[in-house]
Number of protein chains: 2
Amino acid sequence: MNKIHPVILCGGGGTRLWPKSRASHPKPFHRLVGDATLFEQTLDRLQGERFAAPLIVAGEAHVDLICASMRESPSWELVVEPAARNTAPAIALAAARLDPKAVMVVCPSDHHIADLPEFHAAIARAAELAGSGWLVTLGINPTGPETGFGYIERGAALGEGAFKVQRFVEKPDLATAERFLESGTFSWNSGIFLFEAGVFLEQLALHRPAMAQAARRSVAEGGLEANLFHPAAFPFAEIEGESVDYAVMEHAERVAVVPVSMGWSDIGNWQALRDAQVADANGNASQGQAELIDCEGVFAVSDGPRISAIGLEDVIIVVDGDEVLVTSAKHAQKVGQLKGAKGQ
Amino acid sequence: MNKIHPVILCGGGGTRLWPKSRASHPKPFHRLVGDATLFEQTLDRLQGERFAAPLIVAGEAHVDLICASMRESPSWELVVEPAARNTAPAIALAAARLDPKAVMVVCPSDHHIADLPEFHAAIARAAELAGSGWLVTLGINPTGPETGFGYIERGAALGEGAFKVQRFVEKPDLATAERFLESGTFSWNSGIFLFEAGVFLEQLALHRPAMAQAARRSVAEGGLEANLFHPAAFPFAEIEGESVDYAVMEHAERVAVVPVSMGWSDIGNWQALRDAQVADANGNASQGQAELIDCEGVFAVSDGPRISAIGLEDVIIVVDGDEVLVTSAKHAQKVGQLKGAKGQ
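Residues numbered from 1 in each chain as written. Chains lettered and ligands numbered in written order. Predicted model: local features only at pLDDT ≥ 70, side-chain atom pairs only at ≥ 80, totals over all residues. Heavy atoms only, no water.

Enquirer: Before we move on, can you summarise the interface of chain B and chain A with the specific residues and values?
Expert: Taken together, the contacts link 30 residues of chain B with 30 residues of chain A. For the pair chain B and chain A, the summed buried surface comes to about 2,600 Å²; carbon and sulfur atoms form 57% of the total. Across the contact surface, chain B and chain A share four salt bridges. Among the ionic pairs, Glu323(A) bridges to Arg306(B), the shortest N-O distance being 2.8 Å. (Contact = heavy atoms within 4.5 Å. Buried area = accessible area lost by both parts, 1.4 Å probe. Salt bridge = Lys/Arg side-chain N within 4 Å of Asp/Glu carboxyl O.)

Okay, structure coming up:
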C-alpha cells in the first residue's frame, strides 16, 4: 500500500493561550500537554510504516523553531510560505510539491489527540476513500453542544465508518448546537483532511482557478535548499487568503466524512488545555512549581516563580515572564480581550 | 493637660500576609493600605498637640527599617529589645523609660484605623481614666461574629463611653461569638492600651514581680546612643515571654474598656487587607499593574509583573518576587499553612 504523506500546517499566532503563546513563540512550539510540544506530538503520531516523510508548511517567522525541532529527523521538508494566505493556498503549495497520486493527510500542528489507535484507524479508513478520489475530512463525534466549532452533517453511508458529507455548517448558536448534538448525525470539523494531491489541485482549479495556478507556478519556480523549499513569492503573494473549507470542501462533489472519537482537542483556550491535562484526584494539574490547598479543577502553570493557591475552584493560573494570568475556566475564552493579549 | 506618650510595638514576623510580609521585611513596613506603611500610619495618628514624642519598642532586626522611617522626625526614641519576649516585657521596658506619671498609649504598629476622629475621641476618654489610675483598653465594637479575636465583656459604666471590664475572653467558637455579638456588651480586644507608666509597673510588680524587676534593672543598666536605647541584655533575656493581657490586664482590679467604632482592622490576613482597601464599584482593588475583567471583590497586588484576571469573585492575587499567591478571600487564613509561608 502506498504511504500517506503527512502535511503539517503551522499557521497563525493565537492569542487565546496568552501569555504562554505569543507571536514570537506561538502555540505549536510549547510543551502544553506532556513533555513534547504540540508540533512534535503532531509529527510523532504521523510516523511509522504507513507514513512518508513529513512536509511542513509554515511562515518565515517559524523556520528557526521548526528546524530546531527537526534536527534529529532523517527526512523532511519545510515549505516556507512566501506570505500568510490561510489554509487553501498553503495546502496547494504542499500538493504541488507531491506526486499527483500521493495521498496527503493535512493536519494542524496545534491540536491534541489522546487516543492514537482511534486516530490511526480513522486515518486508515479515510486514506482508502482518498485513494479512490474522495476529499475526506475527519469528523469529531461531539461531546457537548460546542458553539466554537464548525459542524459537518452526514449524508449517505460510504461503507464502514464513512459518510458522504451532506453539508458543512458554520459555528452554530447554542440552540442549534444542542439540536446537532441530539441528532447524532453531526460531527465537529477537525481541520484534518485526506485527499490525493492531484485530486485536490483539480478541485481547486475548478473552484479557485487563480489560486491553483498561482500555487503551481510559485512551486515550479521555487528552489530547494537543504530541507527548506522556498516557493517563488510571485504570484503566490497575490492570492487572496481563504480557508480550504470555503475554497474547496464546501463546493466539491465527492466529499466524505469519517467520524471518530479520539480524545481530540484544538486546545483553543486555557480551559481546553486544562481539560487535556492528566489531573489528580481533585481535578488539579500543574506545570512548574505549585502548591495547591483546598483546590478543585485548578490548572497552575509557571515558567519560574512558585504558585501557591488556596480554596479555588475551576481557576487557571499562568505565570509567564512578566505576565500573570488568573482566569476562571468558564471565562477562558475572554483571554483574547486582555490588553496583554492584544500586545498593549 | 499632660501629653500622652505613644508607645509603638513592632514585634512579630507574621506569615499571614505572606508572600508580601516576610521575616526580613515584615508587615508594619509595607505600604499595604494607601501610600504610607502601617508603621508610618501608626506614628502619624499619634502626632499633634496631645502627644509627646514617640517611643518605639522593636527587635534588632527591625532597627534599620525603623531608623529609615524616622529620618525626618525631630524627636523619638527606639528601645531595642535584647530579646523577643512578647508584649508584657516590651511594654515594661517602655514604662521604665518614662516618668511614672506619664500616660502611655500602647499601640501595635501593624493595624489600620480608618476613622481618625473616632480614634482620637476614644484616646481622649481613655487617657482621662488612665490619669486616675485605671488600666484602659480600647474595645472595638464588633461588626461580625469573629472567632479570630479575644473579647472583652463590659461591666458597670464609668461615666460617658467607658466601662469597668467584667472579664476578658479567649478567642471564642462561632456559636459563642454569635452570642457575644447579639448581647451588645462585648468588644474585640484591640491591643491598644492606655495607663500611667508607674501604675503599669506597680501592677506588673504585683502580678509578675520577676518580670517587673528584670525590666527595670535592664533599663537602669542600659545605654542611650543617639535615638537608640539599648537595655542591658541581662536580666531581660531571662524573662519568660508573656502577653500583657495574661501578665497584667486579666489580673488587675481597676481595668476599664472604652468601646469604639473606628474602622479598625488588625490586617490579620489577606481578606482583612482587601476589606481595608478603597475599592471600585465592583469591589475590586489593586496595587501595581492589573487589568480585571468580569471580576468582583478581587484584590490584585504586584511588585512588578502585570496581573490579568478574568471572571473571578472574592479572590486575592499577590505577586511578590518569585512567589505568586492566589487565594479565595474566605480561605485567606490558611496562607500560613503554605510551604512558602513556612520558609520551605
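Enquirer: A description of the side chain of His331(A) should follow, citing residues and the corresponding values.
Expert: By the element assignment, His331(A) lies in the segment after β19 (323–328). There is a polar contact of 2.6 Å between the side chain of His331(A) and the side chain of Ser328(A). Not counting chain neighbours up to four residues away, the residues in contact with His331(A) comprise Asp294(B), Ile310(B) and Gly311(B). (Helix = DSSP H or I, 4+ residues; strand = E, 2+ residues; numbered from the N terminus. Polar contact = N/O pair within 3.5 Å; in protein donor to acceptor, adjacent residues only side chain to side chain.)

Enquirer: Describe in detail the pattern of salt bridges, supporting the description with residues and values.
Expert: All names here are of chain A. As enumerated under the stated definition, the model contains 24 salt bridges over all chains in all. A salt bridge links Asp110 to Lys27; the nearest nitrogen and oxygen atoms lie 3.4 Å apart. Placement of the pair is Asp110 in the loop between β4 (103–108) and β5 (112–113) and Lys27 in the loop between β1 (4–10) and α1 (38–44), with a sequence separation of 83 residues. Under the relative-accessibility criterion, Lys27 is labelled buried at 10%. A salt bridge links Glu153 to Arg167, with the shortest nitrogen-to-oxygen separation between them at 2.8 Å. Here Glu153, found in strand β7 (residues 151–157), pairs with Arg167, found in strand β8 (residues 163–169); they are 14 residues apart in sequence, far enough to count as distant. Looking at Glu153, the relative accessible area reads 18%, which means it is buried. Here the salt bridges share partners, and the residues they tie into one network are Lys20, Arg22 and Asp320. (Buried < 20%, exposed > 50% of the residue type's maximum accessible area, 1.4 Å probe, protein only.)

Enquirer: Describe the pairing of β7(A), with residues and values.
Expert: Residues and elements named next belong to chain A. As defined by bridge partners, β7 adjoins β8 across five bridges and the pair is classed as antiparallel. Opposite Ala157, over in β8, you have Phe163 as the bridge partner. Where β7 folds back on β8, the antiparallel hairpin that results is connected by five residues, among which Gly159 adopts a positive phi of roughly 75 degrees. (Pairing = 2+ DSSP bridges.)

Enquirer: Just give me the short version of the packing of helix α3 (residues 87–97) of chain A against helix α6 (residues 197–207) of chain A, but keep the residues and values in it.
Expert: Residues and elements named next belong to chain A. At a minimum axis distance of 9 Å, the contact between α3 and α6 shows a crossing angle of 135 degrees. By the angle between their axes, α3 is oblique relative to α6. The hand of the α3/α6 crossing is left-handed. On the side of α3, the interface is formed by Ala88, Ile91, Ala92, Ala95 and Ala96, while α6 contributes Ala197, Phe200, Leu201 and Leu204. Residues belonging to the contact of α3 with α6 are distributed by class as follows: nine nonpolar, no polar and no charged. (Axes fitted to C-alpha atoms, helices over the stretch in contact; angles between N-to-C directions. Parallel < 35°, antiparallel > 145°, perpendicular 65-115°, else oblique. Left-handed = near helix turned anticlockwise from the far one by under 90°. Nonpolar A, V, L, I, M, F, W, Y, C, P; charged D, E, K, R; others polar.)

Enquirer: Residues and numbers for the packing of helix α6 (residues 197–207) of chain B against helix α7 (residues 209–220) of chain B, please.
Expert: Residue and element names in this part refer to chain B. Where α6 contacts α7, the two axes come as close as 5 Å, and the packing angle between them is 130 degrees. By the angle between their axes, α6 is oblique relative to α7. Contacts between α6 and α7 involve Leu201, Leu204, Ala205, Leu206 and His207 from the first element and Pro209, Met211, Ala212 and Arg216 from the second. Partitioned by chemical class, the residues of the contact of α6 with α7 number seven nonpolar, one polar and one charged.

Enquirer: Quick one: what's the story with the side chain of Thr42(A), residue by residue and with numbers?
Expert: Residue and element names in this part refer to chain A. With respect to the secondary-structure elements, Thr42 resides in helix α1. At 3.5 Å, the side chain of Thr42 forms a polar contact with the backbone oxygen of Ser109. With near-sequence residues (within four places) excluded, Thr42 lies in contact with Ile8, Cys107, Pro108, Ser109, Asp110 and His111.

Enquirer: An account of the packing of aromatic side chains is needed here, citing residue identities and associated values.
Expert: Enumeration according to the criterion identifies 16 aromatic pairs over all chains in this entry. For the pair Tyr151(B) and Phe180(B), a centre-to-centre distance of 5.1 Å together with 55 degrees between the ring planes defines the contact as tilted. With Tyr151(B) in strand β7 (residues 151–157) and Phe180(B) in helix α5 (residues 174–183), this pair connects stretches of sequence that are 29 residues apart. Residue Tyr151(B) is classed as buried on the basis of its relative accessible area of 1%. Taken together, Phe149(A), Trp188(A) and Trp264(A) form an aromatic cluster joined through their ring pairs. Lying across the ring of Phe163(A), Arg154(A) places its NZ or CZ 4.8 Å from the centre. (Phe/Tyr/Trp six-rings, centres within 6.5 Å; stacked < 30°, edge-to-face > 60°. Lys NZ or Arg CZ within 6 Å of the ring centre and 35° of its normal.)

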